[in-house]
Structures are given as structure tokens and as C-alpha cells.
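Structural overview for review
Residue-level listing of the chains:
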Amino acid sequence: MPSLRRPLSALLALLLPLLAGCDVLYMTSAKQVVRPRIVGIRATPAEIGLGESTVLDALLVHPQGERPALGAVWFACLESGNARGCAGLDFGSLLGGDGGDDDDSAAGEDFDAGDLQFGVGDEFTYTAEGRFIEDAWAELEPEDRVEGLSVLISVNYVHATNDELQTMILDLAAASQSGDQETLDRIGDRFAELLGDGINAARRVVVSDKSADQPEPVACGVSELLPNHNPTLPGLVLHTSEDGLDEGYPMGALTFGQPEEELWLRPRLDEAAREAYLYINLDGETECRQETPYFAWMSNAGSLDDGNTFIADPLDLDELANRAKSNRFTLPNRKDFQRPVDLWIVMRDRRGGVAFGHWSFRMADAPTP
Amino acid sequence: MADRGLIALGLLLLIAAPTAVWGADLPDAPAPVVMPTPDVLDLPPPAYPQAALDAAIEGAVVLLLQIDGDGVPTQVDVVREPGGGLGEAAANALLNAVFDSPPAEGPDHGMRRYFHVVRFVLPEEHRPPVPEPEGPEPEMADELTQLPVLTSQVAAHYPEAAKEAGVQAQVTLELEVSDTGTLDAVTLLDEQPPGWGFGVEASRAAWQFAFEPAFAGPVPVPVRITYTYRFELEEVVVEAPVETPDAGEAIDHEGPVNLSGVVRERGTRKPLVGVDVIIEELEHSTVTDDYGSFAFRGIPAGIYRLLVAAPGYEKFETEEDVVAGEATSVIYFVRETPTGINETVVRVKAEKKEVTKRSISIETIERIPGTFGDPVKVVQNLPGVARSPFDFGLLIVRGSAPEDSGAHIDGIRVPQLFHFGGFRSVLTPVMLESVDFYPGGFGPAFGRLTGGVLDVRTRNDYEDTIHGLVQADLLDASAAITGPIKKKGQREPIGGFVIAARRSYLDLILPLLAPSSVDLGGIILPQWTDLQGKLTLRPNANHRLSVLAYWSQDRAGARSADPASANNEATQGDFLFRNDFWRVGLGWKAKADDRARSELTVSFGQDLARFDIGSFAKVDIDTFIVQIREDAEIDLIPELTLRFGADIIASAFGFEFDFQNFNVRGFGDDPTAEKEAFNLSQRDFAFGPAAFVEGRFKLADERIQLVPGLRFDVYWVPGNFDIATLDPRFQWRITPDPKRLLDIKGSVGLYHQNPQVFEIVEATGNVDLQAEESIQVTAGAEVRFTEFFSLDVQGFYKRLDKLVTFNAGGAGDRSELWQNNGEGQIYGAEVFLRLQRWNNLEGWIALTLQRSQRQDCPDCDPYWFDYDQPVIFDVVLSYGLPYGFRIGARWRYVSGNPETPIVGSIYDADTNNYLPLQGDENSDRLPDFHALDIRIDKDINFRRWKLTVYLDLMNAYNRQNPESRVHNFDYTENTFLVGLPILPNLGFKAQF
């Protein structure tokens, strides 16, 4: 129907934005960094036992220049879905939101400040201890301790320095001891204000005991139940061919490029990138599993084809099996783009393990700032 | 009628005798002219009458035809016939014949006359035995030994105008006389003077001649002769001039039928029933029967003006010449009046017991703008019906949830009435008889619902001939065929049938037509397929049997090119939606006498639904359903009619939730937890018998109607769940005005609705749930200002109790997931201002003002329900234009749906997604919706078929109507997902 093709195409052009999804709605996507935000929280180690500690840090990305001077407040409690710990302390209200599931909130009545751990600074050490987590742990069947409990840890970057925050907390503790309600209210209001305007994020940390059960012998890279480990992200490979089938070059921390230059980048994987592990399922059978990590990409200039990339499937004929897929990064189109262009990658193993990577680019002909 | 002619008889090639011209100028009015008969393109074989077979009659029937410019006969007169009913049989066949189109140049088609011969040959089994010839076969001589002898001559009719003008004429004909003496052909060679109609009359007379054949020796042989017929006034034996009798005079009511015919709709050939056919001069009229036929007896000879008056059709006038001793058979094609919405919404006047029943006839309702030609969709423009997001076809009635209203086909519940996307209903228009809509306050015949009832009635009446329909537009194409079922030898059909099929092709043509820059590979566009048919038999006047079968299929979804290309397992892979259902229904309607009626329907069928939710889960639902419905009425006394019946549903259902990756330990809470395959399934049986009774008291000359009713429902899932409910209902209608222009009406009733299956079975629900409950009160008035202008105002209040609510906190114990904690109230008013065909203008204004509120528990804060639309305003107008055009417009204004604002978000670092923080439930609202739809239809009527071309222009001023709010990844930005832009849908419908 050649005579109908043109009007119908025009009609379809009107219709297709509906069919093609929300990308055409021109809103900021997750791969664009237009304001400071948290894009990952790493716990080292990724999985701990009862009474053990883990150190958490967050990757804060920002649109330009230096990382903004923000202070960080951390909170930790058992995830509310487990109905124990942080009793009724709603995640949303904790972070300054107005909403949350009000019906389930019972803050105050069951709240036990002793169950809450908090800290200030870019790193936070959480120790799996406290009355609630110990009670919840005691209620677990031994075999259930292999998978264990999840502890919810949140971080809130606020417009105050870590020193200011530390001072506020000390003042709060003093006022609490002395019964200085006015100070309590003043600092409480200030905290609420900071948290309300802050940048918040949360993650879970698994508290488990891998020795609580014995797996059946199965053919796998491992022979015992092991806690999860963070993956490693050794670097990026820069390919010169579009199909990414060439060897490529390991990319350094800073790369010079031309305006609108297209770079085909691929995360390098090492031996520990895809951890093999044993899992005892609900039927008591032991399964050999392997992680399927994925990579979230973000940049504060230029453009990325994909926000997430994955490990190539063995059936994917366009890729080499089990290798990380490549992503195209197009540098900004201005020669005089002065500041460095930042590229961040967060690798997740879908079990709580996280690795961060950060690379910078400069225009080769850019004037010296 | 005493014109005399002289006979000139000669041999083949005999030059016609010099003709004398007595004539003068041409007459003031044109006269009929004999033309060569065009080739026959289509001639249904005439039925051989039994009488002729029995009497072993065969031979040629000579017919005089009028044919229009398309080659379709418009009038057929029998000139000569052998008897035995062969003439009538041939005439009937010719009325359905099609000839090659006559040339445009030449006399007006109305003045052209054609002779046509239909030959009947007896089948061998009816042919009398022929004695074997004795002796040797005679040998034919080399030359004619005996000319044909004219044994029977018929005088020609002298054209009236010529007679009055004193014009005489001479007509030369060529006659082919067969070896049996019959005429095989009559050809007009010359006519002097032309233009007065002498040729027609001479030919007509000649065709009735009889000859002894010519002989060549002892052998009869065919010959061709010339014949000159002279019209001479001095030869005329003057009789009293033929005058058209005056009114009422000279009609021989006991005489034979001498003027008969059929009235059909031009284009569709549909016979028009109950149409007046009037002979103006005699002030005599008759009415067409069920087949569109009419007949006059004993009409005196003369020329008459006939009028055909049919409501909804253009006035039809013609002249007929009734000739003494001849029977005139005609067919009239009457053009439908180009009006708009014809009988669109009709409050059933004969039966007003329903307080609010809006019954919609199908006909031209297909032409309402924005419905894409689907009559069922017009329900969405009636008062009380909210607009569903994206016009997806959800039935949202009087502030209820979509699942609270039910769709029925012939009283049998069906899972859906609209295909995915809401563009089409599951039944093609040709299947439909009417659409009954009860927005609330309905009687006890319907139950298990607290919202509205939509009952689509399929047809039981069919045309008397085979009809077909083909329709296509940008969305889909459909075809249908319908026709009567007759017993051999009986004219009266004993039933009929309809078969229809439809398939959408959006999924097929869109990829071909899409711009190359758009990748549709990941989208499975909506597909729908329908197959349906119905057979109706009426073995006698008191019984009607029917079989209705239909099958409907829907497909839609999205396909990920790389199932692993997502960080969230719940959004990986294919998203497919599949929904099939079929029903076979057996119906038996009977009446014992005028006081008792019964309608029994037994239906069985299957519902199949499947959802593929990426690589996360697959859901299969399979239900086999048997439904029995008995609806009986008895007029106990003139003032009381008792209605009672049963409404029984039995189903064997099964569902299976097959999760591929599910956190089975935490029931989905922790995205970092190990996942396993998880299967949740149940197969069970449900039984839902119900009985209802209703008394209809008609008092004070039916100006007071009181209708109390009671419905008893049981819902039983063995081992899981059982409910019994008793619903008293009462409706009333009072007509205080003796002229019956005003009705005051109202209703009050209790309504129950069973929880959804997954809410009550052990695997997924709470077996202790109770039925949802609603008390409904309505009150209103109807005023009929004129025959075509009426107003219906109605207020309503609905109290909702025991609403099933979802308790997310009960995830640890599935029996606590669902509770009867919800409450609600709905109140509002509906105004329906109806203009029924006034100067080709028709339409209505529907205004609904309402509020719908819910509470999830008695102590919870109330909130506006998801589909709370305080103002719904529809204006529908249609105007008939000349030349078969009609234009219609629909303008809608609807309040935006409530929405819950997002007041913030939290980044979940484990899933790399932001979790929204919601504000107060439904405390915000989307912008209002408004849109104008326009439809233009053009009917092109051919004699035997009709073509309708239409352009349905949705959203004519391209309003960007927000249908939903979408946010970016971290909920810091938002925009609206808007509805369809301006959307032209061009299509055609051809029907014969």
C-alpha cells in the first residue's frame, strides 16, 4: 500500500511514543548524574556473623567539580519486614519522609533506642549485636541461620560537615541526660531539617552463620557454605572496534578524548568476579550456584548507551560467553569542555556484594582551566 | 382497449411495407421505448412451481422489465406464461437478477423497456412419456411448403398520450416462430413515429401471439418473419376512456391480486416490514408483511400514483400502470433517511418496571463518534458510567470498582466484554439485537454484583434472504453472513442464522508501516480474534430454540530482546497477556399461552487466562463454567405479574502461580536473599445457585407500578468457603400525569457480591471472608416534553460494607492478607436529556455528578476512591445531511482520577532503584479530561448492496489528556502519560 504509507506513518509516529515506553518523555534517567546522589553502599565484608562487624561506605556521585562537602549520618536496624528490631521505626520517617506505611508504624510505643546503631562520617561500622537481633536470631531454626537475617542500614548525606553532625549528636546526648527539652527540641528540629533535605539511601547487610548446616557434596567450585564476598572490579577495557572483539586496552584513571568521541568500554572481570557458592534450598537439597553480577553506569557529562550492562549469556552469539558486555560512552560535544568528565560504575552480585569504580576523561584540546 | 392492427405477413427477408407516418411532434412527456435487453450477469435459478411440475407444464415466460442504470430490475411484468405459476416464479427470479449495466446514453432508464424470456424445461422425472414414432422419420423439404399461421392475436394497447394527440403509428417487428409455433423472439425493427410508446405496446402484444408452425414438407421448421402493426385511430372502436377510478371506487376486494410487490431498503435489500403502500387516487392502502411484500386485489385498470411511507426512509413515489387482465409485480427500493443516531437509547415503554434500564438498539448507533463503530462502547457515554483510563473499556459504574460491574451476553456472565485496549467489544455488531444497561438499582434477576449490569442481547430475527457484511478499518476487519432457514416449499422461515468473524491486524500492519527509526520488536501489539455464530429455530409460534456460540481471544504484551538485560528480575523477559474464552449457549423460549412465558438458557464454556510476568512468574487461570438461567413470567391477574427463576453457576477452576525466582523464605521482602522456584496452585470446584422472585403490581391503569423482589444466593467452594445471602429489593414507578408525560420512580435494595476467587481459596486467600454488601437507594423522575424530547433525572446513594481489603502486613499468614474491613459510600445524580430525531438532529446530553469514597477500615481515614470522577459530562449529537452524508460529534468532559502524590523517595542500594514515599492516599488528582470526537459517514446505496465509508476522528483538537503520571528514576521529576493523540480511523462497511 505505497499510497497509504505516508499518512499512516505520520499517524503511527503520533502513536508510537505511547508504545515505545517512557524514554521519550524526556526525563532524567538514572545514568545521568545531574545532582549529587548515592549510587551504591558497600559493606566490607558483605556478610557477617552475629556479633561481627562490617564497615560501610557509600559512593556519592555529583554533577561537576569537586565532591560537595556533605556530612553523613548512618542508622542501622533489623529490617522491618522481619517484624523484629527497629520496632516500628519506619524507614521513611527515619529518613525524613512524610509518608511510609503509617498503619504499621508504632514508633514510640515499642521503640528501643538501644536497638538502633548510628554513626557520623563517610564510613560506618555496624556490629551485629543488640537485644532485638539477638532475640530474632534465637528464634531462628539452626538451618535457617545459614541464610540468616537482614539488617537495614541507611545513610543520609546532609548539608552539614561531619564535625557539625558529631557536635549535634554529643549535644543531643548531653541534653537527653540533663533533661534539657529546649535543646532536645532545637537539635531535633535541626536534624529533621537536615534529613529532609538530605540525600538518602539504604541497603541490607546479611547476618548469618554458614556453619549452621552441612551441604551435600555437589560438583561445584566450592565444597562448603561460605559467606558472600564483595566482587572486584579491576578496571575497564577500552575497545577500538565497535563489536568489542578486539583485545582492547586497559584504561587508566584519566583518559583524554575528542569531542563526541565514542568509546566502547567493557568492565574487566577477574577470577573472583563471579563467585560460585552452595545453597541449601527449602527442600534441603544443596545447589551449586554462580553469581550473575551486573554493572550500573553513570556519568556527569557525555552520554551512555545503557544504564546497566550484564554478563554475556552463553547463548548470546554477539558476545563472548561469561564476559561483561560493553557499553558505548560518547564524550561531550564541546571542545572547550574544561572540567573532567566522570564515569562511575557500580558492580553488584545480587547477593549484597558491591564494587565501585570511577574513571575520568578530559577533552584532549580543552584549554587548561 | 380496441386498437386494431393490420397484419402483414411475409417470408424471411421480406421488406417491410412502406410505412405511413400519421404521427406528429413528440409528446410532452416521454414514453416507454423498447431497448435490446442487456446480458444477464446474475440470475438466481427460478423455483419450478409444484403445480407446474404436477401438471407437466413447461415453456417460455415472457417478461417485460424495467432496469435501472446499474442493471438491476425495478419492475417486472409477466407478458406471457404457460401457466402453472411459471410466470410468477420467473418474475420473482427476475426481481433478484442483475443485468449488464445499460448504456448511459439514450432514453432515461425509467422509460426503457426490455423483454426477457425465461424458459422452463420439465425435469425428466416429470416429463410425460412420449410415444415412440412409428415408421421412418419424415424428410424435410428444401423449401417452405407452409407459412406459419397466426392462430391467436392480441390487440396492442394504444398509448394514451398518442390517442389524445390523435397520433397514429406503424411498428415493424421481426418475429422468430419456433417449430412448435411459439415465439422465440420479437425484435423491433422500426417504429414510426418514435417516442410515443407504440413499439413497446406492439412488442408486448406480439409476444402474446400464437402460431401454427411453418412446414418444410412434413417437417415443422422455425422461421423468422416480419410483422407490421398499425395503430390507426379510425380503426379504433371507441369505448369510454380509461380513467383512474376515484377514491374507494371500483376496487374488487374479492378479485385477484393484480398489483403486488416487495419493498426493500435500497442498498441492503433488507425487506421493510410494516410499511404503508398507498394508492393515492383510490385512497387505498396496505401494509407490507414480514417479508416486505404487499398485494392489492381487484385494482381497476389505470395509472396510479403509489406512495411508500416508511419511518426512517425517504418518501418514495412512483406511477404504476394497472392493465386489465394482467398482474403487475414490482419491487421498490427505498432509501434510508440520512439521519444520525437512530433509536439509540430507548427506554422500553412497554415495560417500565426497571427504574433505570437503558436499552440500546443497534442499527445506526454504530455511527456514534469515538466508538469506532462498536455499539457496545456507547454505554460509556451514558449517565453513571465513568471514563476508564486510556478508554480501556473498563466498566466503571456509579463510583464502583470495575470488578463490581458485570458483563452478560443473553443473561450469561462473561469475563470481559471488551478486548484489550478497549477498542472493540467481543461481539460484532451483526450479532447484536440490543444492549441493556442497568447502572444500579436493578431487580433480583441479576445478582452477585454491587455495581452495574451490562446485558448484551443477541439477535433472533433475521432477514428473509442471505445477507453478507464486510467491514474493515485501521484496527481490524470483520465479515459476517446471515440468512433465513426455511422448510422446503415454505415461504415462511422457521429461523435463521448468523456467522461472524473478526481479526485485528494492528500487530501485522504496524511493523510494516512504522518508521524505520522506531523499533517495535519488543512490543506485542494488541491482537484480538473473534468467531461467533447463532442459530435460531422457531418450530411453532410458541417456541423458539437457539444455539449461540462464540470464542474470543486476546493477546498483548512486551518482549525483551535480551531477557537478561535488566537489573530487576521482576522486569526481565517477556510480558505476555493472553485471555481466551468461549461459550456455547442453548436457549429455549416458550409461552404456554398469553399469560405465561419462560426463557431457559444453558451455557457452558471455558475461560483461559495467562500472564507471563517476565522471568519472575507465570500465572495460569483455567475455569470451566456451566451456567443455567431460567426466567419465567406468569400474569396471575391483570394487576399482577409474577416473575421468578433460577440463576445457577457451577465452575471447575484452577490457577497456578509459577514463580521462577522468588524469595521463598522472606516472601519477597529481601532482594538480596537467595531465590527459588516456587509454585502456588489450586484446583477446585465452586457452585453458586441462586433463585429469584419478583412481583409486578400494576395499579390504577398501570400508573402505579410496585415491584418487590427477593433474591437468594449461595456461593460454595467445598472445603474452603460458603456464603448465603438474601437480597430484598423494591422498585416503584408512579405516573401522576394522566397524559403519562411524567414518571416518578425509585428503588431500594440490598446487593451482595462474592469475593474474588483468589481471595477466598485456601492457597491464596482467607476462607473466612464474607460477601461484600451494598445498600442502594435511587429516586428520580422522567419527563417527556414532546415525542422527541425527554429528560431523566435520577439521584442515587450506595452504602458499601464488608469490602475486601488487602492487608500487606499479613504477608506472614496468607489468611490475613484479605479482610472484610472496607467501607464506602457513593452518592450522586444523573441527568439524561434526550433528543430523538428532530429535523435530522439527534443526540443526548448526559451529566453525572457523583462522589465515591472508601475507608479501608472503620477507624481509617476516608479517601476518594480510585475512580472517583465528580463530573462526567457527555454531549452526543448527530445530524443527517443530504446525499447520504451524516456527521456526528461527541464531546466529553470528565474530572481527573484521584492519585496519591509522591512526596519523596529512598534509594534502595541493593536493587539500584528508588522507592517512592507516598503522601495521603488519593489526595491529589489528575487534570481533567476533555476531548472532541467527530465521525463522518457516507452511505452509497446500490440497488443490491450498500457501501458505507466512514472517518472516525478521535480527539479532534488533539488535547493532550493526562491519563497517568509517570516519574523519573528517583521521583524528582514527573510528567504525564497522555492518551491517544488525534487519531483518524478510516474504514468501510459493505453489506448486501
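Quick caveat, the model's predicted, so the values are computed rather than measured.

Here the focus is the sheet that holds strand 18 (residues 302–309) of chain B. All names here are of chain B. Here four strands make up an open sheet; going across it, the order is 16-15-18-19 and the pairing antiparallel. Bordering the open sheet on either side are strand 16 (284–287) and strand 19 (316–322), each of which pairs with just one other strand. Ignoring which end each strand starts from, the neighbouring axes of this sheet average 25° apart. Of the pairings in the sheet, the one linking strand 18 to strand 19 comprises seven bridges and is antiparallel in character. From the neighbouring strand, valine 308 faces strand 19, where its bridge partner is phenylalanine 316.

What follows is about the sheet that holds strand 6 (residues 123–127) of chain A. All names here are of chain A. Spatially, the three strands line up as an open sheet ordered 1-3-6, and their pairing is antiparallel. Because the sheet does not close on itself, it has two edges, and the strands there are strand 1 (37–44) and strand 6. Across this sheet, the average inter-strand angle for adjacent strands is 25°, counted without regard to direction. Two elements, strand 1 and strand 3 (residues 53–61), share seven bridges in a ladder whose sense is antiparallel. By the bridge assignment, arginine 37 is partnered in strand 3 with valine 61.

This brings us to the state of the cysteines. In the structure shown here, the tally under the stated rule is two disulfides over all chains. Across the disulfide from Cys220(A) sits Cys288(A); the S-S distance is 1.9 Å. On the S-S bond that ties Cys220(A) to Cys288(A), the torsion sits near 70°, and the link is right-handed. With Cys220(A) in the loop between strand 8 (199–207) and strand 9 (236–239) and Cys288(A) in strand 14 (residues 286–290), this pair connects stretches of sequence that are 68 residues apart. Residue classification places Cys220(A) among the partly exposed residues on the basis of a relative accessible area of 24%. Classification of Cys288(A) as partly exposed rests on a relative accessible area of 38%. At a sulfur-sulfur separation of 1.8 Å, the disulfide partner of Cys857(B) is Cys860(B).

Residue and element names in this part refer to chain B. Looking at the element boundaries, aspartate 28 is found in the segment before strand 1 (33–34). Its relative accessible area of 85% is what places aspartate 28 among the exposed residues. Sequence-wise, aspartate 28 and glycine 195 are 167 residues apart; in three dimensions their C-alpha atoms are separated by 10.0 Å.

Turning next to the side chain of Thr74(B). All names here are of chain B. You can see threonine 74 is positioned in strand 4 (residues 73–80). Assessed through its relative accessible area of 16%, threonine 74 is described here as buried. Here threonine 74 is in contact with Gln66, Ile67, Asp68, Val330, Ile331 and Arg943, once residues within four sequence places are set aside.

Before going further, it helps to examine the nonpolar core. Grouped together as the largest cluster of nonpolar side chains are 41 residues, with contacts concentrated most on Ile38(A) and Tyr126(A). Tyr126(A) has contacts with Ile48(A), Glu52(A), Ser53(A), Thr54(A), Leu56(A), Ala76(A), Gln117(A), Ile133(A), Val151(A) and Ile153(A), leaving out every residue within four places of it along the chain.

Okay, helix 5 (residues 181–196) of chain A next. All names here are of chain A. Its 16 residues give helix 5 an end-to-end C-alpha distance of 22 Å, which sits within 8% of 22 Å, the value for a rise of 1.5 Å per residue. Buried within helix 5 we find Thr183, Ile187, Phe191, Leu194 and Leu195. Down the axis of helix 5, the buried side of the element spans an arc of 95°, and every buried residue falls inside it. In helix 5, those exposed residues whose orientation departs by more than 90 degrees from the buried face are Glu182, Arg186 and Asp189.

Bringing the pattern of salt bridges into the picture now. All names here are of chain B. Going through the model one piece at a time under the given rule, you end up with 65 salt bridges over all chains. In this structure, arginine 643 and glutamate 694 form a salt bridge, with 3.9 Å as the shortest nitrogen-oxygen distance. Taken as a pair, arginine 643 in strand 37 (residues 640–662) and glutamate 694 in strand 39 (residues 690–699) lie far apart in primary sequence, 51 residues in all. What makes glutamate 694 buried here is its relative accessible area of 3%. Beyond isolated ion pairs, a larger network of salt bridges with shared partners links Asp410, Asp455, Arg457, Lys534, Arg544 and Glu599.

Okay, the pairing of strand 9 (residues 183–192) of chain B next. A regular strand places its side chains on the two faces of the sheet in alternate fashion. Residue and element names in this part refer to chain B. Note: strand 8 (residues 169–177) against strand 9, eight bridges, orientation antiparallel. Counterpart to leucine 173 in the pairing with strand 9 is leucine 188. Between strand 8 and strand 9, which pair antiparallel and follow one another directly, the connecting turn spans five residues, one of which, glycine 181, has a positive phi of 100°.

Let's shift gears to the packing of helix 4 (residues 162–178) of chain A against helix 5 of chain A. Residues and elements named next belong to chain A. Viewed as axis vectors pointing N to C, helix 4 and helix 5 meet at an angle of 145°, and their least axial separation amounts to 9 Å. Considering how the two elements wind past one another, helix 4 and helix 5 form a crossing that is left-handed. Contact with helix 4, carried on its side by Leu165, Met168, Ile169, Asp171, Leu172, Ala175 and Ser176, involves Thr183, Leu184, Ile187, Arg190, Phe191 and Leu194 of helix 5 and no other residues of that element. Its residues placed into classes, the contact of helix 4 with helix 5 shows nine nonpolar, two polar and two charged.

A few words now on helix 3 (residues 131–139) of chain A. All names here are of chain A. Those residues of helix 3 that fall on the buried side of the exposure criterion are Phe132, Ile133, Ala136 and Trp137. The arc that holds the buried residues of helix 3, viewed along the axis, is 130°, so those residues lie on one side. Pointing more than 90 degrees away from the buried face of helix 3 are the exposed residues Ala138 and Glu139.

The bulk of non-glycine residues show a negative phi, and the bulk of peptide bonds are trans. Geometrically, the link from Thr44(A) to Pro45(A) is a cis peptide bond, its omega value of 0° lying close to zero. Among the secondary structure elements, Pro45(A) is positioned in the loop between strand 1 and strand 2 (47–48). With a phi angle near 60°, Asp701(B) is a residue other than glycine that sits in the positive phi range. Position of Asp701(B) relative to the elements: it lies in the loop between strand 39 and strand 40 (704–717). Overall, Asp701(B) belongs to the exposed group, its relative accessible area being 60%. At Asn958(B), a residue that is not glycine, the phi angle is positive and equals roughly 50°. Structurally, Asn958(B) can be placed in the loop between strand 55 (946–954) and strand 56 (962–967).

Residue and element names in this part refer to chain A. When pLDDT is averaged along chain A, the result is 80, and 81% of the positions lie at 70 or above. Contacts from residues 1–24, a stretch scored under 50 in pLDDT, to residues over four places away or in other chains number 32 contacts. Within the model, pLDDT remains below 50 along residues 80–114, and this stretch shows 53 contacts once partners closer than five positions in the same chain are excluded.

All names here are of chain B. Within the structure shown, the criterion is met by 32 aromatic pairs over all chains. For the ring pair phenylalanine 873 and tryptophan 891, a centre distance of 6.2 Å and an interplane angle of 75° mean the geometry is edge-to-face. Within this pair, whereas phenylalanine 873 is found in strand 48 (residues 871–880), its partner tryptophan 891 is found in strand 49 (residues 885–894), the two being separated by 18 residues in sequence. Classification of tryptophan 891 by relative accessible area gives partly exposed; the value is 29%.

A cluster of nonpolar side chains, Val470(B), Tyr879(B), Tyr883(B), Phe885(B), Ile887(B), Ile936(B), Val949(B), Leu951(B), Leu986(B) and Phe988(B), forms an exposed patch at the surface whose accessible area comes to about 880 Å². One can find Leu986(B) in strand 58 (residues 983–991).

Glancing now at the side chain of Asn300(A). Residues and elements named next belong to chain A. Inspection of the secondary structure assignment puts asparagine 300 in the loop between strand 15 (294–299) and strand 16 (303–304). A distance of 3.0 Å separates a polar atom in the side chain of asparagine 300 from the backbone oxygen of proline 63. At 2.8 Å, the side chain of asparagine 300 and the side chain of aspartate 342 are in polar contact.

Attention now goes to the pairing of strand 43 (residues 772–784) of chain B. All names here are of chain B. Relative to strand 43, strand 42 (residues 742–753) runs antiparallel, the two being bridged by twelve bridges. Its bridge partner lying in strand 43, histidine 752 is registered against glutamate 773. Count of turn residues in the strand 43/strand 44 (residues 789–806) antiparallel hairpin: four residues.

What counts as what
Residues numbered from 1 in each chain as written. Chains lettered and ligands numbered in written order. Predicted model: local features only at pLDDT ≥ 70, side-chain atom pairs only at ≥ 80, totals over all residues. Heavy atoms only, no water. Pairing = 2+ DSSP bridges. Helix = DSSP H or I, 4+ residues; strand = E, 2+ residues; numbered from the N terminus. Axes fitted to C-alpha atoms, helices over the stretch in contact; angles between N-to-C directions. Disulfide = S-S within 2.5 Å. Buried < 20%, exposed > 50% of the residue type's maximum accessible area, 1.4 Å probe, protein only. Contact = heavy atoms within 4.5 Å. Core = buried A, V, L, I, M, F, W, Y, C linked by side-chain atoms within 4.5 Å. Expected span 1.5 Å × (residues − 1). Arc of directions from axis to C-beta. Salt bridge = Lys/Arg side-chain N within 4 Å of Asp/Glu carboxyl O. Left-handed = near helix turned anticlockwise from the far one by under 90°. Nonpolar A, V, L, I, M, F, W, Y, C, P; charged D, E, K, R; others polar. pLDDT = per-residue confidence, 0-100. Phe/Tyr/Trp six-rings, centres within 6.5 Å; stacked < 30°, edge-to-face > 60°. Patch = residues over 30% accessible without salt bridge, like charges linked within 9 Å, V, L, I, M, F, W, Y side chains within 5 Å. Areas by Shrake-Rupley, 256 points an atom, 1.4 Å probe, with all protein chains shown as cover. Polar contact = N/O pair within 3.5 Å; in protein donor to acceptor, adjacent residues only side chain to side chain.

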